[in-house]
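# Structural overview for review
This is what each chain is made of:
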Amino acid sequence: MQLKIESRGNIKGAYFPLEINLPDDATLGTLKNGIANLVPTLPVARQRLAKADKQPLVDDEKRLSDLGVEGTAALTVKDLGPQISWRTVFLVEYAGPLIIHPLIYYGAPSFWARFGYSYNTSSIQTIAFVLIMAHFVKRELESLFVHRFSNATMPAFNIVKNSSHYWLLSGLVLGGGLYSPSLGTEAVSGTLRNNRVFLAICACVWLVAELGNLHSHLILMSLRPKGTRVRQIPRGGAFELVSCPNYFFEAVAWFAITIMTHSLSSLIFLVVSSVQMTLWAVKKHKNYRKEFGAQYPRQRKIMYPFVF
């Protein structure tokens, strides 16, 4: 097949249109490699190819003919700009709370003392600190050893936007509220938040939710061999009830911390994160049904078992 490649926007280091000859069984990845060889400033990760009708071409492993590109065709390529790996983005995101929470937890008593608010760190603050640190350490380990990514990279600038949720909301806002005088020893004395049985129950709910979340991620990992973009219908565990149990368990874990602490900052984080995860779950659920059709279990809810 003979392809003519036009540029969408200014791409340095090349003169367009490009003309590329490929065998009839060539894949999208083969085409991208061919463009990268002709235009060294445009590596594969920065290319977005589309047909003349602006329909994007996705999945580098698919043959061009299966994507509707045959014979003599005209395509466009766009430079997506500097890229960064999704794994790096995840590691940077979760590093925020791991840095910020210890700083606030250990520094808050001295900070508030300057304004006349002297207090002792309470058991509930220590428990919340340990649970939150464990949660984000788990996230980091999953990013390194468990998660499989459909796309290898994303625009580098997006790391600032993606990290703001974790560094600001789950870092500064959540930590600032949890480790303040409002949850100090004197403030929680004689309340439910100082009841060991209550704290133990909340911590157990958190632990079960974290294990459920990990189990869901391990199931997803098993569906996609490393280095591939294979997609299969998730089976087993809470996937028999909902399409996105990992999000459900994540919400339950933060719900347990919110109930345990009665903290406004924790409630804010719970609401914002749950709304965002619900939106992601709706999108993934629709994609599952669209991709797998009648094979996808009709009884599965989106994120919340038996409800939604």
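Residues numbered from 1 in each chain as written. Predicted model: local features only at pLDDT ≥ 70, side-chain atom pairs only at ≥ 80, totals over all residues. Heavy atoms only, no water.

## So, the overall build of the protein chain
What counts, and what does not: Secondary structure elements follow DSSP: runs of H or I no shorter than four residues count as helices, runs of E no shorter than two count as strands, and numbering proceeds from the N terminus. Within these notes, the globule rule equals 2.2 Å times the number of residues to the 0.38 power, and the radius of gyration is based on C-alpha atoms. The accessible surface values rely on the Shrake-Rupley method and a 1.4 Å probe; as for residues, cover is taken only from the protein chains in view.
Within the protein chain, the secondary structure is distributed over 8 helices and 6 strands. Along its sequence from the N terminus, the protein chain presents helices and strands in the succession β-β-α-β-β-β-α-α-β-α-α-α-α-α. The C-alpha radius of gyration of the protein chain comes to 24 Å, more than 25% above the 19 Å expected for a compact globule of 308 residues. Overall size of the protein chain, expressed as C-alpha extent along the three principal axes, is 80 × 45 × 30 Å. Summed over all atoms, the accessible surface of the protein chain reaches about 16,200 Å², with 62% contributed by carbon and sulfur.

## As for the nonpolar core
Note the following rule: Here, nonpolar core refers to any group of buried Ala, Val, Leu, Ile, Met, Phe, Trp, Tyr and Cys residues whose side-chain atoms link them within 4.5 Å. Partly exposed residues are those whose accessible area sits between 20% and 50% of the maximum for their type, while under 20% is buried and over 50% is exposed, using a 1.4 Å probe and protein chains only. Note on contacts: a residue pair is in contact if any heavy atoms of the two residues lie within 4.5 Å.
One finds I132, L178, Y179, W254 and M260 to be the most contacted residues of the largest nonpolar core, which totals 34 residues. Of all the secondary-structure elements, those providing two or more residues to this core are α2 (86–113), α3 (123–145), α4 (158–178), α6 (196–223), α7 (245–261) and α8 (264–292). The residues touching M260, leaving out its near neighbours within four places in the chain, are I124, I127, A128, L131, R193, F198, L199 and C202. Grouped together as the second largest cluster of nonpolar side chains are 22 residues, I5, I11, A26 and L49 included.

## As for the packing of aromatic side chains
Filter applied, for reference: By convention, a stacked pair of Phe, Tyr or Trp rings (six-membered ring in the case of Trp) has centres within 6.5 Å and planes under 30 degrees apart, an edge-to-face pair has planes over 60 apart, and any other such pair is tilted.
The tally for this structure, following the rule as stated, stands at 21 aromatic pairs. Measuring from ring centre to ring centre gives 4.2 Å for Y105 and F129, while their planes differ by 5 degrees; the resulting arrangement is stacked. Pair noted here: Y105 is in helix α2 and F129 is in helix α3, with a separation of 24 residues, a long-range link. Each member of the pair, Y105 as well as F129, carries the same accessibility label: buried. Between the aromatic rings of W112 and Y117, the centroid separation amounts to 5.8 Å while the plane-to-plane angle is 85 degrees, which identifies the pairing as edge-to-face.

## Details of the UniProt feature "transmembrane region" (unreviewed entry) in the protein chain
The following threshold applies: UniProt positions are given in the numbering used here, feature names are shortened, and annotations may be inferred rather than shown by experiment.
In this numbering, the UniProt entry assigns the feature "transmembrane region" (unreviewed entry) to residues 117–137, 166–185 and 197–216. Along residues 166–185 one finds 70% helix and 0% strand; the C-alpha atoms at either end are 27 Å apart. With 100% helix and 0% strand, the stretch residues 197–216 has end C-alpha atoms that lie 29 Å from each other.

## A short note on the environment of V188
Among the structural elements, V188 can be located in helix α5 (residues 185–188). On the accessibility criterion, V188 (1% relative accessible area) is buried. Remark: the alpha-carbon pair of V188 and S122, spanning 66 residues in sequence, is separated by 7.7 Å.

## A few points about the domain arrangement of the protein chain
The extent of an interface is frequently quoted as the accessible surface area lost upon association of the parts. Note the following rule: What marks off one domain from the next here is an automatic or database domain assignment.
According to the domain assignment, the protein chain consists of domain 1 (2–81) and domain 2 (84–295). Summarising the inter-unit geometry, the C-alpha centres of domain 1 and domain 2 are found 39 Å apart.

## Description of the environment of Q232
Stated formally: Two N or O atoms count as a polar contact when they lie within 3.5 Å, although within protein this holds only if one can serve as hydrogen donor and the other as acceptor, and sequence-adjacent residues are included solely when both atoms are side-chain atoms.
Along the chain, Q232 turns up in the loop between α6 and α7. Taking C-alpha positions, Q232 is 9.0 Å from Y288, a pair spaced 56 residues apart along the chain. Apart from residues lying up to four places away in sequence, Q232 is in contact with L223, Y288 and F292. At 2.7 Å, the side chain of Q232 and the backbone oxygen of L223 are in polar contact.

## Topic: the packing of α3 against α4
Put simply, the rule reads: Lines fitted to C-alpha atoms define the axes here, with helix axes fitted over just the stretch in contact, and angles between the N-to-C directions of these axes take values from 0 to 180 degrees. Should an angle fall under 35 degrees it is called roughly parallel, over 145 degrees roughly antiparallel, and 65 to 115 degrees roughly perpendicular, with every other angle called oblique. Each crossing gets its handedness from the near helix: less than a right angle anticlockwise from the far helix is left-handed, clockwise is right-handed. Residues are grouped as follows: nonpolar covers Ala, Val, Leu, Ile, Met, Phe, Trp, Tyr, Cys and Pro; charged covers Asp, Glu, Lys and Arg; every other residue, Gly included, is treated as polar.
The N-to-C vectors of α3 and α4 enclose an angle of 165 degrees; their axes lie 11 Å apart at closest approach. Overall, the two elements α3 and α4 adopt an arrangement that is roughly antiparallel. Between α3 and α4 lies a crossing of left-handed hand. Two secondary-structure elements touch here, α3 through Q125, A128, I132, F136 and R139 and α4 through Y166, S170, L174 and L178. Across the contact of α3 with α4, the residue classes break down as 6 nonpolar, 2 polar and 1 charged.

## A short note on the pattern of salt bridges
Where charged atoms of side chains with opposite charge meet at close range, the side chains can pair. Note the threshold: For this document, the term salt bridge refers to a Lys or Arg side-chain nitrogen within 4 Å of an Asp or Glu carboxyl oxygen.
Applying the stated criterion across every chain, the model contains 8 salt bridges. For K138, the salt bridge identified is with E210, shortest N-O distance 3.6 Å. Of this pair, K138 sits in helix α3 while E210 sits in helix α6; the two residues are 72 residues apart in sequence, bridging distant segments of the chain. Take K138 and E210: they sit in the same class, and that class is buried. Where salt bridges share partners, they join K138, E142 and E210 into one cluster.

## Here's the deal with α2
Rule in force here: Multiply 1.5 Å by the residue count of a helix minus one, and that product is the helix's expected span. Bend is the name given here to the angle between axes fitted to two runs of seven residues, the run ending at a residue and the run starting at it.
End to end, α2 covers 41 Å across 28 residues, agreeing with the expected 40 Å (1.5 Å per residue, within 8%). Within α2, the axis deviates most sharply at G107, by approximately 55 degrees, and proline P109 lies no more than four positions further along. Buried-residue contacts for α2 involve β5 (83–85), α3, β6 (153–155) and α4.

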